[in-house]
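Coordinate analysis (summary)
The chain contents come next:
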Amino acid sequence: MAILEAENITKAYAHHLALDDVSIAVPKGSIFGLLGPNGAGKTSLIRIINQITAPDNGKIKFGGKFLKPEHVEKIGYLPEERGLYKKMKVGEQALYLARLKGMKKDEATKKLKDWFIRFEIQNWWNKKVEELSKGMAQKVQFITTVLHEPKFLILDEPFSGFDPINANLIKEELLRLRKKGTTIMLSTHNMGSVEEICDHMALINDSKVVLQGKVKDVKNQFKEGVYDLVFEGDMLSFTNSLWVNFELVSHQKTEENFTSARIRLLDKATVNDLLQAVIPVSKIHSLNEVIPSMNDIFIKVVQKNEGLDE
Amino acid sequence: MSKISLIIEREYISRVKKKSFIIMTFLGPLLIGGLLSLGVYLGMSDSSNYDVLVVDLTPEIAQDSTSQATTMFANQLKPTSQISFDYTTRGLTNAEFDSTSYNLMLVLREDIITFPEAEMVFRKLPSMKARSYIKSQVEGVIEDNKLLLESIPKEKFDEINTDLKIITVDAEDGTASFKQEQAFIGFGFAVLIYFFIFLYGVQVMRGVMEEKSNRIVEVIISSVKPFQLMMGKIVGVALVGLTQFLLWVTLSSVLFSLATSFLAPELSNAATMAEQVQVTDEIAQEMSKDVMEEAAIGEMAELILFRVNWPLMIGMFIFYFLGGYLLYASLFAAVGSAVDNDTDTQQFMMPITIPLVFGFIVSEFALTNPEGGAVFWFSQIPLTSPIVMMVRVAMGFDAGSIWQLILSMVLLIGGFIFCVWLAGKIYRVGILMYGKKVNYKELAKWLRY
């Protein structure tokens, strides 16, 4: 079941269309990657979900109901451009933001203390934000985003600007939150993190959704019947054996006597056909299907779209 | 607690707790009180002593055959506790004067009766009070001599000498009018509104810019509506201003009364005497001329104070102050949201500050010509009415002109609703817009987003 459904969202600014008939569905309990190049419309969509701006057309449903102002209390949002009041004390500020999300003061204080202990930052409570380093401030920002235990968490480019240690800490926290039932939406163009933690994704390019689904399915969809084969044997007779039905994309010597070849299956050829062809001329060491990385898919889709535009 | 009150609370507390607020709160009345007391002090007591060397060049003339011939001014000028006169008939050069211990030299020319001109050589410029005293003394002597020449008795001259008092009477109610004087009271309120709008309007602008450049604004508007954030800030800052204003009024008046009773006890004495004058005529006649004048001033002040409709005045002050502040603060907020840094504010500040300054100038006009056309029009236009109308309210309205006040109030309400709406539109877009050079065309576009 989807916790969030955006249906046919259109949003235009004075001179350009930011979102063009965008529909996405975020399954409950998933970590959803919202991908796309800069300026594709990701932040516009996120702002609409957060009710910061309104769509020109289309509907948003949250938990099956149309999005209402009360829903902000169930959503946590860490924007890409994030900051804190410099002159305010860390504890005060976190409390203020929590209360704006509808939390009671006592409850917020208690939960905040727990988080401060978990992140080992208890002694920051009375520090002013301007005394914190960037990394420290990011921790505080993350805590203020999740403090009110939102059902749905939206993080816009969460890993940009984080050092690897903090990025890892956040990753672990996200996985822990998902276990507790939180649905998480990540907007990013860091494909590595998508592959690592996302299970669903949507790719927005040029204001439109061009790809959507389970990360596994999308990857399968982009498989091209290419295999990496590692063997021992004579390269010339190996090449000759691939004369029909196969294409040798590339090859290289790996260890002594071993060669790794990337082979594409042509027409209706199967893996069995390939094995039958090469077994007589070589000693096979391993055979793996090449699964495209999200990075490859991203570049491929975005470039294809640009090609269509021209 | 609703979200907007949370915002108001934060805006209020964070500002009131600032060191600069606390310092200004205590320094402000010290400055105001200090300046007022200094003024009183300087006005009341000119502590310097003047030893005046009177160089009397007029010819020696005997009044009659029995008396000795003397110059015109010989021992004629009345000394006071601070001004003493010594006389000489020999002209001194300035250098010679410099070597004496006198600090003033008054040179009275030979033909002063026909050409009433005298030269005052000073080492230190004498106070206004000292100069006018010396002037009146010399005038008196000249007048006496002229009377003698024309054989007019002094009593006759005093009788002829006329000091006309004009009492302005309003045709409608037939009583003496003090509109001019009342206008001054209104001007005082106008100045207050002007400064308040400026000081705290700019604070709103800075607050908005701070949120924008800190990049916290997007986090907050994911919890509350941009309009709530803007209004929360405007109201919060208004409360800060009100707090500071009330503290200033209280502290200043305490300081002022302390200072006056300490520095110038004679002022309060004079005031009490003036009160007694009104009670008993017999005592009044025994009073010195100075005290009589004090009494007259007191009486007039009282009359003016009674003339001003204070409940209306205070009520309208609060109304126009709130209306004007809301109007301008929302515009300041819009400016703050549209720009990325301080330097960019200049071009947008201009159109806001011009009407504000203009209102202030018109209200100054209103002092000299309270019922002029400009005063009427600018007391209707919402951008200037909060300032200009104060002067008119102090002068009062009658049945025939009360519609002007009502119209102005309605226009101000309409004006601030419009400005808040306009500002809300710009604010909503502006706070999320970074790194874009904004101009008026761009702003107009935002209104349609």
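See the structure printed just above.
Residues numbered from 1 in each chain as written. Chains lettered and ligands numbered in written order. Predicted model: local features only at pLDDT ≥ 70, side-chain atom pairs only at ≥ 80, totals over all residues. Heavy atoms only, no water.

What to know about the overall build of chain A
Summing up its helical and strand segments, chain A has 10 helices and 14 strands in all. The C-alpha radius of gyration computed for chain A amounts to 25 Å, which surpasses the reference 19 Å derived for 310 residues by more than 25%, pointing to a less compact arrangement than a globule. Overall size of chain A, expressed as C-alpha extent along the three principal axes, is 75 × 45 × 35 Å. Looking at chain A as a whole, 50% of its 310 residues qualify as buried. In chain A, 68% of the contacts between residues at least 6 apart in sequence involve partners at least 24 apart. (Helix = DSSP H or I, 4+ residues; strand = E, 2+ residues; numbered from the N terminus. Rg over C-alpha atoms; globule rule 2.2 N^0.38 Å. Buried < 20%, exposed > 50% of the residue type's maximum accessible area, 1.4 Å probe, protein only. Contact = heavy atoms within 4.5 Å.)

Comments concerning the nonpolar core
F152 and L174 of chain A together with Y325 of chain B are the most contacted members of the largest nonpolar core, which totals 163 residues. Per element, the largest residue contribution to this core is 16 residues, and it comes from helix α12 (residues 310–338) of chain B. Among all residues touching F152 of chain A, those that are not within four sequence positions of it are I3, L4, V26, I49, F62, K74, I75, G76, T182, T183 and M185 of chain A. Within the second largest apolar cluster, 17 residues are counted, among which are Y50, M72, I134 and I142 of chain B. (Core = buried A, V, L, I, M, F, W, Y, C linked by side-chain atoms within 4.5 Å.)

A closer look at the layout of surface pockets
Roughly 1,000 Å³ of volume is contained in the second largest pocket. R10, I13, S14, R15 and K18 of chain B are, among the 33 residues lining the second largest pocket, the residues nearest its centre. When residues of the lining of the second largest pocket are traced back to their parent elements, those giving at least two are α2 (90–100) of chain A together with α1 (3–16), α2 (19–44), α6 (179–214) and α8 (226–263) of chain B. Counting residues per element, the lining of the second largest pocket draws most heavily on α1 of chain B, which supplies seven residues. Each residue belonging to the lining of the second largest pocket can be placed in one class, and the counts come to 12 nonpolar, five polar and 16 charged. (1 Å grid on protein atoms, 1.4 Å probe; cavity = no way out; pocket = protein on both sides within 12 Å on 5 of 7 lines; lining within 4 Å. Points joined across faces, edges and corners; volume = space filled by probe spheres on them. Nonpolar A, V, L, I, M, F, W, Y, C, P; charged D, E, K, R; others polar.)

Digging into empty space enclosed by the protein
Counted by the stated rule, this structure contains one cavity of 30 Å³ or more. Quantified by volume, the largest cavity comes out at close to 130 Å³. Y77, L97, T144 and T145 of chain A together with V219 of chain B are, among the 17 residues lining the largest cavity, the residues nearest its centre. Breaking the lining of the largest cavity down by element, the ones donating at least two residues are β6 (75–78) and α4 (134–146) of chain A. Residues that form the lining of the largest cavity fall into these classes: seven nonpolar, eight polar and two charged.

With respect to the sheet that holds strand β2 (residues 83–88) of chain B
In a beta sheet, neighbouring strands pair by backbone hydrogen bonds and run either parallel or antiparallel. All names here are of chain B. Read across the sheet, four strands follow the order β2-β1-β3-β4 without closing on themselves; strand pairing throughout is mixed. The sheet is open, and its two borders are formed by β2 and β4 (118–122), each paired with just one other strand. Adjacent strand axes in the sheet meet at a mean angle of 20°, parallel and antiparallel pairs treated alike. Bridge count between strand β1 (residues 50–56) and strand β3 (residues 104–108): five bridges; the pairing is parallel. Residue pairing for β3: V54 is matched across the bridge by L106. (Pairing = 2+ DSSP bridges. Axes fitted to C-alpha atoms, helices over the stretch in contact; angles between N-to-C directions.)

Read these as layout, nothing more, since geometry by itself doesn't imply function.
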